[in-house]
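What follows is each chain in one-letter form.
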Amino acid sequence: MLKKSTKVALGGMVAALSIVLMFLTGILPFLTYAVPCMAGFLLVAVVIECGYQWAFLVYLAVSVLSLLLAPDKQAAMVFAFIGYYPIVKGLVEQNFASKKLLSWAIKFLVFNLAMLVVYWLLIHVLQMPDVMTEMGSLGRYTGLVTLACGNVVFVVFDIALSRVVDAYVQWFRPRFLRKLS
């Protein structure tokens, strides 16, 4: 078990690095979707070393700070709405390890609910109804196409996240974090 000071230090370092990554979107705007994913990958270390509660606190800190400070608000919103996923993934896979189909169903449900909330906020709170109709005659299908493509990307993200966890546990942790255990 890690000491509280070690958990605070690790959480602070991951949060700071995540915020630095978020600032990259102001310099390189094409990273709008990649940077929130990378920041989510950093949460893996906090989940494994400190637990789910600490990881959730780091996620909240990064979400709030990136919404306030990051130059690319779209990237900050993406992190705010999917940055928690490494935490959820760990909990779901831990609790439903023997039930892979149920595990995937829960993960898809979480992702799709988050996407629906994002679009609801865009349309009703931020008053952007054109989000769904800006593609001309295909506009009425924009939501469905976006959700379908988002689910494909979500599967790729989930698989990549699993590989990051494996690499962290099997390669990075034994080589660089031996003293934490």
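You'll find the structure just up there.
Criteria and cut-off values
Residues numbered from 1 in each chain as written. Predicted model: local features only at pLDDT ≥ 70, side-chain atom pairs only at ≥ 80, totals over all residues. Heavy atoms only, no water. Helix = DSSP H or I, 4+ residues; strand = E, 2+ residues; numbered from the N terminus. Contact = heavy atoms within 4.5 Å. Areas by Shrake-Rupley, 256 points an atom, 1.4 Å probe, with all protein chains shown as cover. Buried < 20%, exposed > 50% of the residue type's maximum accessible area, 1.4 Å probe, protein only. Axes fitted to C-alpha atoms, helices over the stretch in contact; angles between N-to-C directions. Left-handed = near helix turned anticlockwise from the far one by under 90°. Bend = angle between axes of the 7 residues up to and from the residue. Patch = residues over 30% accessible without salt bridge, like charges linked within 9 Å, V, L, I, M, F, W, Y side chains within 5 Å. Salt bridge = Lys/Arg side-chain N within 4 Å of Asp/Glu carboxyl O. Core = buried A, V, L, I, M, F, W, Y, C linked by side-chain atoms within 4.5 Å. Polar contact = N/O pair within 3.5 Å; in protein donor to acceptor, adjacent residues only side chain to side chain.

Peer 1: Can you tell me about the overall build of the chain, naming the residues and giving the values?
Peer 2: Counting its secondary structure elements, the chain contains seven helices and zero strands. Walking the chain from its N terminus toward its C terminus, one meets helices and strands in the order α-α-α-α-α-α-α. Taking contacts inside the chain between residues at least 6 apart in sequence as the whole, the part at least 24 apart equals 67%. As presented, the chain carries roughly 10,900 Å² of accessible surface, and 73% of it is formed by carbon and sulfur atoms.

Peer 1: How would you explain the environment of Pro 71 if you had to name every residue and give the values?
Peer 2: For Pro 71, the location among the structural elements is in the loop between α3 (52–69) and α4 (73–82). Overall, Pro 71 belongs to the partly exposed group, its relative accessible area being 45%. Apart from residues no more than four positions distant in its own chain, Pro 71 is found in contact with Met 22, Phe 23 and Gly 26.

Peer 1: Any chance you could break down the packing of helix α2 (residues 34–50) against α4 for me, citing the residues and the numbers?
Peer 2: Running from amino to carboxyl end, α2 crosses α4 at an angle of 40°, the nearest separation of the two axes being 9 Å. The element α2 and its partner α4 pack so that their crossing is right-handed. Residues Pro 36, Ala 39, Gly 40 and Leu 43 of α2 form the contact with α4, whose own contacting residues are Ala 75, Val 78 and Phe 79.

Peer 1: Go over the environment of Val 117 with me, naming the residues and quoting the values.
Peer 2: Counting through the fold element by element, Val 117 comes out in helix α6 (residues 100–125). Distance from Val 117 to Phe 81, taken between C-alpha atoms, is 8.7 Å for residues 36 residues apart in sequence.

Peer 1: For helix α7 (residues 142–176), give the residues involved together with the corresponding values.
Peer 2: The axis of α7 is deflected most strongly, by about 40°, at Tyr 168. Here α7 has its buried residues at Thr 142, Gly 150, Asn 151, Phe 154, Phe 157, Asp 158, Leu 161 and Tyr 168.

Peer 1: If you had to explain a nonpolar patch on the surface to someone new, which residues and values would you point to?
Peer 2: A contiguous nonpolar surface patch, about 460 Å² in accessible area, is contributed by Phe 23, Val 64, Leu 65, Leu 68 and Leu 69. The element contributing the most residues to the nonpolar patch is α3, with four residues. Structurally, Val 64 can be placed in helix α3. Judged by relative accessible area, which is 48%, Val 64 ranks as partly exposed.

Peer 1: Quick one: what's the story with the nonpolar core, residue by residue and with numbers?
Peer 2: Within the largest apolar cluster, 27 residues are counted, with the highest numbers of intra-cluster contacts made by Val 58 and Phe 79. Mapped by element, the contributors of at least two residues to this core are α1 (4–27), α2, α3, α4 and α5 (85–95). Every residue in contact with Val 58, bar those within four places of it in the chain, is listed here: Gly 11, Val 14, Ala 15, Leu 43 and Val 46. By size, the runner-up hydrophobic cluster in this structure holds 12 residues, among which are Phe 111, Leu 161, Tyr 168 and Leu 177.

Peer 1: Describe the side chain of Ser 66, with residues and values.
Peer 2: With respect to the helices and strands, Ser 66 occurs in helix α3. Within the local environment of Ser 66, its side chain forms a polar contact with the backbone oxygen of Ser 63, the two atoms lying 3.1 Å apart.

Peer 1: Quick one: what's the story with the pattern of salt bridges, residue by residue and with numbers?
Peer 2: Within the structure shown, the criterion is met by five salt bridges. When the shortest N-O distance is used, the salt bridge between Lys 89 and Asp 158 registers 3.1 Å. Residue Lys 89 is found in helix α5, and its partner Asp 158 is found in helix α7; the two are separated by 69 residues along the sequence. Across the pair, exposure class does not vary: Lys 89 and Asp 158 are buried alike. Close ionic contact of Asp 158 with Lys 107 constitutes a salt bridge, the shortest N to O distance being 3.3 Å.

Peer 1: For the side chain of Thr 25, give the residues involved together with the corresponding values.
Peer 2: Within the fold, Thr 25 resides in helix α1. There is a polar contact of 2.5 Å between the side chain of Thr 25 and the backbone oxygen of Met 22. Beyond its immediate stretch of four places on either side in the chain, Thr 25 contacts Leu 31, Thr 32, Val 35, Asp 72 and Ala 75.

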